[in-house]
Amino acid sequence: PTAFGLAHLVVVTKSDIAEAVEFDEAAFRAHVQQVNPGVEVLMTSARRGQGVGGLLDRALAAMDGTPVHSPVMTRQPHHHTHPHPEATGTMAHTHS
């Protein structure tokens, strides 16, 4: 799910119907972590009240300036020069 590669937080709603629709939470989490390592996945269900408080906590914390997850895909590459043994002088290039 590359759509989750830019997420600061992944919120899964309607988790109360996950079993009925054969949602594989473990596989979903694994795939999300492949494209966005370290992002938090929050399962929510308004019907059960699951995760709603956690979602509110994260929203309020972000408003207060608490640092949020920085997805790898949003990190800017840095440019610098350094010597390469196979080249004479230096080459400018990007590291990610």
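Definitions and limits used
Residues numbered from 1 in each chain as written. Predicted model: local features only at pLDDT ≥ 70, side-chain atom pairs only at ≥ 80, totals over all residues. Heavy atoms only, no water. Phe/Tyr/Trp six-rings, centres within 6.5 Å; stacked < 30°, edge-to-face > 60°. Helix = DSSP H or I, 4+ residues; strand = E, 2+ residues; numbered from the N terminus. Buried < 20%, exposed > 50% of the residue type's maximum accessible area, 1.4 Å probe, protein only. 1 Å grid on protein atoms, 1.4 Å probe; cavity = no way out; pocket = protein on both sides within 12 Å on 5 of 7 lines; lining within 4 Å. Points joined across faces, edges and corners; volume = space filled by probe spheres on them. Nonpolar A, V, L, I, M, F, W, Y, C, P; charged D, E, K, R; others polar. Expected span 1.5 Å × (residues − 1). Patch = residues over 30% accessible without salt bridge, like charges linked within 9 Å, V, L, I, M, F, W, Y side chains within 5 Å. Areas by Shrake-Rupley, 256 points an atom, 1.4 Å probe, with all protein chains shown as cover. Salt bridge = Lys/Arg side-chain N within 4 Å of Asp/Glu carboxyl O. Core = buried A, V, L, I, M, F, W, Y, C linked by side-chain atoms within 4.5 Å. pLDDT = per-residue confidence, 0-100. Contact = heavy atoms within 4.5 Å.

Caption draft 1: Seen up close, the packing of aromatic side chains. One pass over the full model with this rule turns up two aromatic pairs. Between Phe4 and Phe28, the ring centres sit 5.4 Å apart and the planes meet at 85°, which makes this aromatic pair edge-to-face. Placement of the pair is Phe4 in the segment before β1 (10–12) and Phe28 in helix α1 (residues 25–35), with a sequence separation of 24 residues. For Phe4, a relative accessible area of 26% translates into the label partly exposed. The buried category is assigned to Phe28, whose relative accessible area is 16%. Between Phe23 and Phe28, the aromatic rings sit 5.4 Å apart at their centres with planes inclined by 50°, giving tilted as the arrangement.

Caption draft 2: Geometry of the layout of surface pockets. For the largest pocket, the calculated volume is near 180 Å³. Split into classes, the residues belonging to the lining of the largest pocket amount to five nonpolar, three polar and two charged.

Caption draft 3: Molecular detail of helix α2 (residues 52–63). When the terminal C-alpha atoms of α2 are compared, their 17 Å separation across 12 residues agrees well with the 16 Å that a helix rising 1.5 Å per residue should span. Positive backbone phi, approximately 95°, marks Gly65, located one or two places after α2.

Caption draft 4: Layout of a nonpolar patch on the surface. Taken together, the side chains of Leu56, Leu60 and Met63 make up a nonpolar region of the molecular surface, amounting to roughly 330 Å² of accessible area. Considering the arrangement of structural elements, one finds Leu56 in helix α2.

Caption draft 5: Quick peek at the nonpolar core. Counting eight residues, the largest nonpolar core is built from Ala7, Val10, Val12, Phe28, Val32, Val39, Val41 and Met43. For this core, the secondary-structure elements that each account for two or more residues are β1, α1 and β2 (41–43).

Caption draft 6: The arrangement of the confidence of the model for the chain in detail. Mean pLDDT over the chain works out to 82, with 76% of the residues at or above the 70 mark. Low confidence marks residues 87–96, where pLDDT is under 50. Its contacts with residues over four positions away, or in another chain, come to 23 contacts.

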